[in-house]
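Architecture and fold: a report
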Amino acid sequence: IQGPELAKSLLGTSIVDAYNNNTQAVIGEIATYKLDVAIPRGTTPDAVVVDSLPPGLGFKRLLGSPVVDSGISYTGSLIPVVANTNNGMTVTFDLGDVTNTNASNDLKGFSVEYEAVVLNVSTNKAGTTLQNTASLDWSTPHTALPPVQATAISVIEPTITVNKKVSPSTA
């Protein structure tokens, strides 16, 4: 018997150059994430996806419309509810009953992409790792799926050098 599957990925960050790769970010930089939910044929009741952003990373916005496979319906919403918690932010998708009416045994589902911003908080220092995780739960008895993680982002900061020169050297 197949169960639902969840995947979380970091698509990249908004600044990529010789000093900042797509898994590094400075304060104020935008990270783009993708969340994929795949459902087996039949109904997965009362499905909820909770995406946990660590302290130092804040939800900004959904990108475009969710991509929903043919034969997938849901009674809830793909519009997230965002809440601040002591441990960061949670982005909750209350999907309701998700039904896959496809005749094949292939998992089908939907994908959402969203942006998060690296916050200007005291904990975001050079070398800080921001790890984003997501989990999927539903109401029937089941073995819980382990949370999935996107590639972590490393916070980087500029290194400032100061040089002082006197001209003329004698007075």
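Below is a short write-up of the structure. This is a predicted model, so every value here is computed, not measured.

1. Quick notes on the side chain of glutamate 29
With respect to the helices, strands and loops of the structure, glutamate 29 is situated in the loop between β2 (24-25) and β3 (30-39). Buried and unpaired, glutamate 29 has lysine 60 as its nearest opposite-charge partner, separated by 12 Å. For glutamate 29, the side chain forms a polar contact with the main-chain nitrogen of isoleucine 15, separated by 2.8 Å. At 2.9 Å, the side chain of glutamate 29 forms a polar contact with the backbone nitrogen of valine 26. Once residues within four sequence positions are removed from consideration, glutamate 29 is found in contact with Thr13, Ser14, Ile15, Asn20, Gln24, Ala116, Val117 and Val118.

2. Re the environment of valine 49
By the element assignment, valine 49 lies in strand β4 (residues 42-53). For the pair valine 49 and alanine 171, spaced 122 residues apart in sequence, the C-alpha separation works out to 71 Å. Not counting residues within four places of it along the chain, the set of residues in contact with valine 49 comprises Leu6, Leu35, Val37, Val91, Thr92, Phe93, Leu95, Ser135 and Leu136.

3. Side note on the pattern of salt bridges
Using the criterion set out here, one finds 4 salt bridges in the structure. The partner of aspartate 36 in a salt bridge is lysine 34, with the nearest N and O atoms 3.9 Å apart. Residue class for aspartate 36 comes out partly exposed when judged on its relative accessible area of 24%. A salt bridge links arginine 61 to glutamate 115; its shortest N-O distance comes to 2.9 Å. One end of the pair, arginine 61, is in strand β5 (residues 57-68); the other, glutamate 115, is in strand β9 (residues 108-118), with 54 residues separating them in the sequence. Through salt bridges with shared partners, one network takes in Lys60, Arg61 and Glu115.

4. A closer look at the sheet that holds strand β13 (residues 153-155)
Judged by pairing direction, the sheet is mixed, and its 3 strands sit side by side in the order β2-β13-β10 without closing on themselves. One side of each edge strand has no neighbouring strand; the edge strands of this open sheet are β2 and β10 (129-130). Sheet topology note: the β10/β13 ladder contains 2 bridges and is antiparallel. Bridge assignment links leucine 130 to a residue of β13, and that residue is isoleucine 153.

5. Re the side chain of asparagine 124
Mapping asparagine 124 onto the fold places it in the loop between β9 and β10. A polar atom in the side chain of asparagine 124 sits 2.8 Å from the backbone oxygen of leucine 119. Beyond its immediate chain neighbours, meaning those up to four positions away, asparagine 124 contacts Ile27, Pro55, Gly56, Val118, Leu119, Leu130, Val155 and Glu157.

6. As for the sheet that holds β3
Taken in spatial order, the 4 strands of this open sheet run β1-β3-β9-β5, and their pairing is antiparallel. What marks the edges here is a single partner per strand, and that holds for β1 (5-13) and β5. The average undirected angle you get between the axes of adjacent strands in this sheet is 20°.

Thresholds, definitions, all that
Residues numbered from 1 in each chain as written. Predicted model: local features only at pLDDT ≥ 70, side-chain atom pairs only at ≥ 80, totals over all residues. Heavy atoms only, no water. Helix = DSSP H or I, 4+ residues; strand = E, 2+ residues; numbered from the N terminus. Buried < 20%, exposed > 50% of the residue type's maximum accessible area, 1.4 Å probe, protein only. Lys, Arg positive; Asp, Glu negative; His and termini not counted. Salt bridge = Lys/Arg side-chain N within 4 Å of Asp/Glu carboxyl O. Polar contact = N/O pair within 3.5 Å; in protein donor to acceptor, adjacent residues only side chain to side chain. Contact = heavy atoms within 4.5 Å. Pairing = 2+ DSSP bridges. Axes fitted to C-alpha atoms, helices over the stretch in contact; angles between N-to-C directions.

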